[in-house]
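An overview of the molecular structure
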Amino acid sequence: MRAVVIYESLTGNTAKAARLIAHEVAARGVDVAVYPITDVDLKALAEADVVFVGTWVDGLVLFGHRPGRAGRLRSLPVIDGKRVAAFMTYAIHAGKALDRFARLLEERGGEVVARTLLRRDRLEQGVADFVTASLATVPA
Ligand SMILES: Cc1cc2nc3c(=O)[nH]c(=O)nc-3n(C[C@H](O)[C@H](O)[C@H](O)COP(=O)(O)O)c2cc1C
């Protein structure tokens, strides 16, 4: 099985979350590589059985939540027909940002098989369960 982790990060939290996810994936014996969204290896992406995509929550804390740098996310390389596991980091309140992010990924042709929010002050919490759920969707 092969996986890639693609992330958008402004201040480093989502990059860190991407590395935590990749570490967890690798610990289960799965081939994994991590790429910033601006520098994705297209061959690795084409060969991936599952694609983790992460960004951060952008909003006005109490409302207007959306995926950070949605423009970059919309210009993701083709993820048509790929199993996609979506993750977002946030500070306090994410509103409906994760739903919006999942919708955006589906518009790009991905099949969102798992999704999670990771709070920036406890990024590792929930990573193991998220990875388990995501990998479980890949037929053996
Ligand atoms: C412009 C801006 C708006 C943000 N709005 C929210 C918000 O509405 N709710 C929230 O929980 N966090 C918000 N945050 C915090 C980020 O989502 C959080 O720090 C995230 O982990 C940043 O990821 P990064 O370090 O990968 O850029 C905002 C951050 C920025 C820069």
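Within every chain, residues take consecutive numbers counted from 1 along the sequence as written. In keeping with the predicted nature of the model, local features appear solely for residues at pLDDT of at least 70, side-chain atom pairs appear and are counted solely at 80 or more, and the whole-chain, interface and lining totals rest on all residues. Excluded from the side-chain calculation are hydrogens and water; included are all heavy atoms of the structure.

Brief notes about helix α4 (residues 97-107)
Spelled out, the test is: Each residue gets one of three labels from its accessible area relative to the maximum for its type: buried under 20%, exposed over 50%, partly exposed in between, using a 1.4 Å probe on protein chains only. Think of it this way: any DSSP run of H or I at least four residues long counts as a helix, any run of E at least two long counts as a strand, and we number them from the N terminus. In this description, the arc belongs to the directions extending from the helix axis to the C-beta atoms. Any two residues whose heavy atoms approach within 4.5 Å are treated as being in contact.
Here α4 has its buried residues at Ala97, Leu98, Phe101, Ala102, Leu104 and Leu105. All buried residues of α4 project into a common sector of 160° when viewed along the axis, lining one side. Contacts made by the buried residues of α4 are with β3 (50-58), β4 (66-67), α3 (70-74), β5 (83-90) and β6 (111-119). Two residues or fewer past α4, Gly109 is found with a positive phi of approximately 100°.

What to know about the side chain of Ser9
This is how it is decided: Identification of polar contacts relies on pairs of N or O atoms within 3.5 Å, with a donor-acceptor requirement for protein atoms, meaning one able to donate a hydrogen and the other able to accept it, and with residues adjacent in sequence counted only if both atoms are side-chain atoms.
Among the structural elements, Ser9 can be located in the loop between β1 (2-7) and α1 (13-27). A polar contact of 3.0 Å, which involves the side chain of Ser9, links it to the backbone nitrogen of Gly12.

Some details on the packing of α1 against helix α5 (residues 127-135)
Quick note on the threshold: Fitted lines through C-alpha atoms serve as axes, helices being fitted only where they are in contact, and the angles separating the N-to-C directions of these axes extend from 0 to 180 degrees. Angles below 35 degrees are treated as roughly parallel, those above 145 as roughly antiparallel, those between 65 and 115 as roughly perpendicular, and all remaining angles as oblique. If you view the pair so one helix is near and one far, a crossing is left-handed when the near helix is turned anticlockwise from the far one by less than a right angle, and right-handed when it is turned clockwise.
Running from amino to carboxyl end, α1 crosses α5 at an angle of 55°, the nearest separation of the two axes being 10 Å. Classified by the interaxial angle, the pair formed by α1 and α5 is oblique. The two elements α1 and α5 cross, and the hand of that crossing is right-handed. When α1 is examined against α5, the residues Leu20, Ile21, Glu24 and Val25 are found in contact with a partner set consisting of Val127, Ala128, Phe130 and Val131.

Here we look at the side chain of His65
With respect to the element layout, His65 can be found in the loop between β3 and β4. Classification of His65 as buried rests on a relative accessible area of 6%. In this structure, His65 is in contact with Val57, Asp58, Gly59, His93, Ala94, Gly95, Lys96, Ala97 and Arg100, ignoring residues within four places of it in sequence.

A short note on the site of the ligand
Short version of the rule: Here a residue is near a molecule or strand as soon as one of its heavy atoms is found within 4 Å of it. The residue classification treats Ala, Val, Leu, Ile, Met, Phe, Trp, Tyr, Cys and Pro as nonpolar and Asp, Glu, Lys and Arg as charged. All others, Gly included, are polar.
Within the structure, the ligand sits among 19 residues, and Ser9, Leu10, Thr11, Thr14 and Val57 are positioned closest to it. In this structure, an oxygen atom belonging to the ligand sits 2.8 Å away from a main-chain N or O atom of Ile92. In this structure, His93 approaches the ligand through a main-chain N or O atom, which is 2.8 Å from a nitrogen atom. At the level of secondary structure, the elements contributing two or more residues to the shell around the ligand comprise α1, β3 and β5. Among the residues forming the shell around the ligand, the class breakdown is eight nonpolar, nine polar and two charged.

As for the nonpolar core
This is how it is decided: Take the buried residues of types Ala, Val, Leu, Ile, Met, Phe, Trp, Tyr and Cys, join any two whose side-chain atoms come within 4.5 Å, and each joined set is a nonpolar core.
Of all hydrophobic cores here, the largest spans 27 residues; its most connected members are Val4, Ile6, Phe101 and Leu105. Contributions of two or more residues to this core are made by β1, α2 (42-47), β3, α3, β5 and α4. Considering every element that reaches this core, the biggest residue donor is α4, with six residues. Beyond its immediate sequence surroundings of up to four residues, Val4 is in contact with Ala33, Tyr35, Ala44, Leu45, Ala48, Val50, Val51 and Phe52.

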